[in-house]
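One letter stands for each residue in the lines below.
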Amino acid sequence: MTCYDRRDVGLLLLRLGTGGVLAAHGAQKLFGWFGGGGITGTGQFMESVGYAPGKQSAMAAGLAEAGGGTLLALGLATPAAGAAAAGAMAGAAALHMPNGFFAQEGGYEYAASLGLTAAGLAVTGPGRLSLDHALGHVLDRGWMVPAALGVTAAATALVIGARNKRVQRAKEGEQEALFEE
């Protein structure tokens, strides 16, 4: 008989809360649920803020959030799930960075919190109240944590770097008025 401890219950709560929120955000992007824009609307938004091509960016973000969030909530493939979700949130945080830290001012606080929690779950593991544990951790091996986080960090850095270059080029094309009329 297995006795679960408070660590297992705490990890379950973190996984369900964080994974559920991420899955809902992904569903907004992919399916237009919960007032979201779906692939088309989200794709147009992504294009307008420098993530191009927009539809592919919306699909990637939606899959990382919905897929990563669902897997986190289930405690399945936790290293990959946490890394995917953290990567998506790094992209969101980069978008909100110019607005400062606090979400109240449009800052990156919320995205950073979700991303760090997802990354923390990838590192810590899902606990015993998880599908990973039930399946003998075949998708949650120690070597998978640095591999998943490393690949995701590299891909995310490339995507954010390309977006930042597009945004910078667009700003260079704009000219401010020299004199007030």
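These numbers come from a predicted model, not from an experiment.

1. Examining helix 4 (residues 78-96)
Two residues of an α-helix separated by three or four positions point the same way, owing to the 3.6 residues in each turn. Counted at 1.5 Å a residue, the expected span for helix 4 with its 19 residues is 27 Å, and the 27 Å between its end C-alpha atoms agrees. A large share of helix 4 lies buried, amounting to 14 of its 19 residues.

2. Looking at helix 1 (residues 6-31)
Counted at 1.5 Å a residue, the expected span for helix 1 with its 26 residues is 38 Å, and the 36 Å between its end C-alpha atoms agrees. Among all positions in helix 1, only Asp-8, Leu-11, Arg-15, Thr-18, Gly-19, Leu-22, Ala-23, Gly-26, Ala-27, Lys-29 and Leu-30 are buried. The elements touched by buried residues of helix 1 are helix 2 (38-48), helix 3 (54-74), helix 4 and helix 5 (109-124). N-capping of helix 1 is provided by Asp-5, with a side-chain oxygen placed 3.1 Å from the backbone N of Arg-7. Among the residues trailing helix 1, Gly-32 stands out with phi positive, at a value near 75°.

3. Some points on unusual backbone geometry
What is expected of a backbone is that most residues other than glycine have negative phi and most peptide bonds are trans. Following Ala-52, the chain continues into Pro-53 via a peptide bond in cis, with omega recorded as -5°. Take Pro-53: it is sitting in the loop between helix 2 and helix 3. Not every positive phi belongs to a glycine, and Phe-34 is a case in point at roughly 55°. You can see Phe-34 is positioned in the loop between helix 1 and helix 2. A relative accessible area of 59% places Phe-34 in the exposed class.

What counts and how
- Residues numbered from 1 in each chain as written.
- Predicted model: local features only at pLDDT ≥ 70, side-chain atom pairs only at ≥ 80, totals over all residues.
- Heavy atoms only, no water.
- Helix = DSSP H or I, 4+ residues; strand = E, 2+ residues; numbered from the N terminus.
- Expected span 1.5 Å × (residues − 1).
- Buried < 20%, exposed > 50% of the residue type's maximum accessible area, 1.4 Å probe, protein only.
- Contact = heavy atoms within 4.5 Å.
- Polar contact = N/O pair within 3.5 Å; in protein donor to acceptor, adjacent residues only side chain to side chain.

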